[in-house]
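Each chain, written out:
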Amino acid sequence: MELLYASCVGVLVTCGVYLILRARTFPVVLGLTMLSYAVNLFLFSAGRLTINKAVVLGTGTDYADPLPQALVLTAIVIGFAMTAFVVILAIRGRADLGNDHVDGHLGKVEHKEHK
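Residues numbered from 1 in each chain as written. Predicted model: local features only at pLDDT ≥ 70, side-chain atom pairs only at ≥ 80, totals over all residues. Heavy atoms only, no water.

Peer 1: Whenever I open this one, the overall build of the protein confuses me. Can you help?
Peer 2: In terms of helices and strands, the protein carries 4 helices and 0 strands. Listing the helices and strands of the protein from first to last along the sequence gives α-α-α-α. Taken across its 115 residues, the protein has 17% of its residues classed as buried. Within the protein, counting contacts between residues at least 6 apart in sequence, those at least 24 apart form 46% of the total. Accessible surface, the protein: about 8700 Å² in total, of which carbon and sulfur atoms supply 70%. (Helix = DSSP H or I, 4+ residues; strand = E, 2+ residues; numbered from the N terminus. Buried < 20%, exposed > 50% of the residue type's maximum accessible area, 1.4 Å probe, protein only. Contact = heavy atoms within 4.5 Å. Areas by Shrake-Rupley, 256 points an atom, 1.4 Å probe, with all protein chains shown as cover.)

Following this line, the structure appears as structure tokens:
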């Protein structure tokens, strides 16, 4: 199970880095989202992957660690808010510049001024 879990984290990191290196806004946002999912899975695995552990005190002798679960829940909420903010920035940038390149190409507004 650990090999499958580590492979999933590795695939998410690889796809996320590849998408971040693209020159368009939407793939960059998807890449950041995939990287945040990979970090969430990594944080969750920091609490040791165990099966059949009690999550509520008093219901068993061995307990699951609640700290990684709390960290991942907080990271999901913050990641969702940041993704929404970046999408709004990308929409505004597309409206102002006329394109969605993230590599510094001139938009249609600057092209008109230089002619």
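Peer 1: What is the right way to look at the layout of surface pockets in this model?
Peer 2: The rolling of a water-molecule-sized probe over the atoms marks out the regions of remaining empty space. For the largest pocket, the calculated volume is near 260 Å³. Lining the largest pocket are 13 residues, with Gly47, Arg48, Thr50, Ala64 and Asp65 positioned closest to its centre. Per-class residue counts for the lining of the largest pocket are 6 nonpolar, 4 polar and 3 charged. (1 Å grid on protein atoms, 1.4 Å probe; cavity = no way out; pocket = protein on both sides within 12 Å on 5 of 7 lines; lining within 4 Å. Points joined across faces, edges and corners; volume = space filled by probe spheres on them. Nonpolar A, V, L, I, M, F, W, Y, C, P; charged D, E, K, R; others polar.)

Peer 1: Mind showing me how you'd approach the packing of helix α2 (residues 25–45) against helix α3 (residues 66–97) here?
Peer 2: Helices that pack against each other are described as a pair by the angle of their axes relative to one another and the distance between those axes. Across the interface, α2 lies against α3 with an axial gap of 9 Å and an inter-helix angle of 175°. Judged by the inter-axis angle, α2 sits roughly antiparallel to α3. Every residue of α3 that contacts α2 at Thr25, Val29, Thr33, Asn40, Leu43 and Phe44 is listed here: Pro68, Gln69, Val72, Ala75, Ile76, Thr83, Val86, Val87 and Ala90. Its residues assigned to classes, the contact of α2 with α3 comprises 10 nonpolar, 5 polar and no charged. (Axes fitted to C-alpha atoms, helices over the stretch in contact; angles between N-to-C directions. Parallel < 35°, antiparallel > 145°, perpendicular 65-115°, else oblique.)

Peer 1: Explain the confidence of the model for the protein to me, please; I cannot follow it from the model alone.
Peer 2: Detailed reading of the predicted coordinates is not advisable wherever pLDDT is low. Residue-level pLDDT values for the protein average 82, and 83% of them are 70 or greater. Put simply, helix α4 (residues 108–114) is where the protein has its lowest mean pLDDT, 52, and helix α1 (residues 2–20) is where it has its highest, 93. (pLDDT = per-residue confidence, 0-100.)

Peer 1: Sorry if this is basic, but what is going on with the pattern of salt bridges here?
Peer 2: Note that side chains of opposite charge can pair when their charged atoms are close. Inspection of every chain in the model, using the stated rule, returns 2 salt bridges. Measuring nitrogen to oxygen at the nearest pair gives 2.5 Å for the salt bridge that ties Arg24 to Asp100. With Arg24 in the loop between α1 and α2 and Asp100 in the loop between α3 and α4, this residue pair connects regions lying 76 residues apart in the sequence. We classify Asp100 as buried; its relative accessible area is 18%. Measuring nitrogen to oxygen at the nearest pair gives 3.0 Å for the salt bridge that ties Asp96 to Arg92. Linking Asp96 with Arg92, this pair stays in helix α3, spanning 4 residues, or about one helical turn. (Salt bridge = Lys/Arg side-chain N within 4 Å of Asp/Glu carboxyl O.)

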